[in-house]
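Overview (structure and organization)
Okay, here's what each chain looks like letter by letter:
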Amino acid sequence: MRRLLVLGSAVIAIALGVRAAAEDWPQFLGPERNGIYRGPAIADTWGPAGPKVVWRTPVGQGFSGPVVAQDHVILFHRIRDQEIVDAFDARTGAAMWRFAYPTSYRDDFGFDEGPRAVPVVAGGVVYTFGAQGQLHAIDLETGTPVWSVDAMRRFTVAKGFFGAAGSPLVEGGRVIANIGGPKAGIVAFDAKTGEVLWTATGDGASYSSAAGATIAGRRYAIFLTRAGLVGLDPATG
């Protein structure tokens, strides 16, 4: 079944507002992955008719939420046998670009077969992690591919119950992902090139997205893997 992505006028205000004060929502749970919005004030009531619909577009399968960055709405979904990254103009809904690649992922339990992980936008690049473990970096303005890694194949990852689902964490020029390989449970890639910088743990991947945090003056990349909670130095693993 196909769904509709609908942005009301107040949601557009969240994303855009007054340009000088507006705050993007470029990743899972917002700028700091804590669900806190710090942009212009938004309406707390809609009225009986609800918010005015500014634009809408049909979308395919998936559990991945859209993100907003630099006036782009980025949608990660699946149509037939392709995982697709679409960019729309946040004000008008006009299509800006599309990046697509084949997928053969099948859900053994009969659930949705689209991507699960929310995209991350950082440094002008969109990073996506598909249900089949394909990690892609795409230029935000043009939709041109920058680099890609078939993580499941490269790191010999067994198929999980519900596919790859954790949204990558971008920290200090590194894209850090819960891959779940037996010798590469967590992997850091160079954000510009996709080069592997370090690997850590042999933990299986969970369906949790990582977070960055500063604790007692030290920076951590914090993951909940299938084995437990792990805190790593983002620079070294």
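Refer to the structure printed above.
A short tour of the structure in this document, coming up. It should be emphasised that the depicted structure is a prediction, and the values quoted were computed from it without experimental measurement. (Residues numbered from 1 in each chain as written. Predicted model: local features only at pLDDT ≥ 70, side-chain atom pairs only at ≥ 80, totals over all residues. Heavy atoms only, no water.)

Here's the deal with a nonpolar patch on the surface
Rule in force here: Patches in this entry comprise residues that are over 30% relatively accessible and not in a salt bridge; like charges within 9 Å are linked, as are nonpolar side chains (Val, Leu, Ile, Met, Phe, Trp, Tyr) within 5 Å. With residues, only the protein chains shown are counted as cover, and all accessible areas are computed by Shrake-Rupley using a 1.4 Å probe. Any Lys or Arg side-chain nitrogen located within 4 Å of an Asp or Glu carboxyl oxygen qualifies as a salt bridge. Under the DSSP-based scheme used, a helix requires at least four consecutive residues in state H or I and a strand at least two consecutive residues in state E, with every element numbered from the N terminus.
On the surface, Phe 109, Phe 111, Phe 161, Phe 162 and Tyr 207 cluster together to form a nonpolar patch covering roughly 520 Å² of accessible area. Among the structural elements, Phe 111 can be located in the loop between β6 (95-102) and β7 (120-122).

Details of the pairing of strand β14 (residues 196-200)
Note the cut-off: A pair of strands is treated as paired once DSSP finds two or more bridges between them.
Direction of pairing for strand β13 (residues 184-190) relative to β14: antiparallel, over a ladder of four bridges. Counted as the bridge partner of Val 187 is Thr 199 from β14. Count of turn residues in the β13/β14 antiparallel hairpin: five residues, of which Gly 194 carries a positive phi of about 85°.

Quick notes on the packing of aromatic side chains
Quick note on the threshold: Two aromatic rings, drawn from Phe, Tyr or Trp (for Trp, its six-membered ring), form a pair once their centres lie within 6.5 Å of each other, and the interplanar angle then sorts them: stacked below 30 degrees, edge-to-face above 60, tilted otherwise. Under the scheme applied here, a residue whose accessible area is under 20% of the maximum for its type counts as buried, over 50% as exposed, and between as partly exposed, the area being computed with a 1.4 Å probe on protein chains only.
On inspection of all chains with the given rule, the structure shows nine aromatic pairs. On the numbers, 6.1 Å between centres and 45° between planes, the contact of Tyr 127 with Trp 147 is tilted. Taken together, the residues Tyr 127 in strand β8 (residues 125-129) and Trp 147 in strand β10 (residues 145-150) connect sequence positions 20 residues apart. Here Tyr 127 and Trp 147 have matching classes, each one buried. Grouping aromatic residues by their ring pairs yields a cluster made of Phe 109, Phe 111, Phe 161, Phe 162 and Tyr 207.

Re the environment of Thr 199
Worth spelling out the cut-off: By definition, residues are in contact when any of their heavy atoms lie within 4.5 Å.
Within the element layout of this structure, Thr 199 appears in strand β14. Separated by 38 residues in sequence, Thr 199 and Gly 237 have C-alpha atoms that sit 6.6 Å apart. With residues up to four places along the chain from it excluded, the contact list for Thr 199 reads Lys 183, Ala 184, Ile 186 and Val 187.

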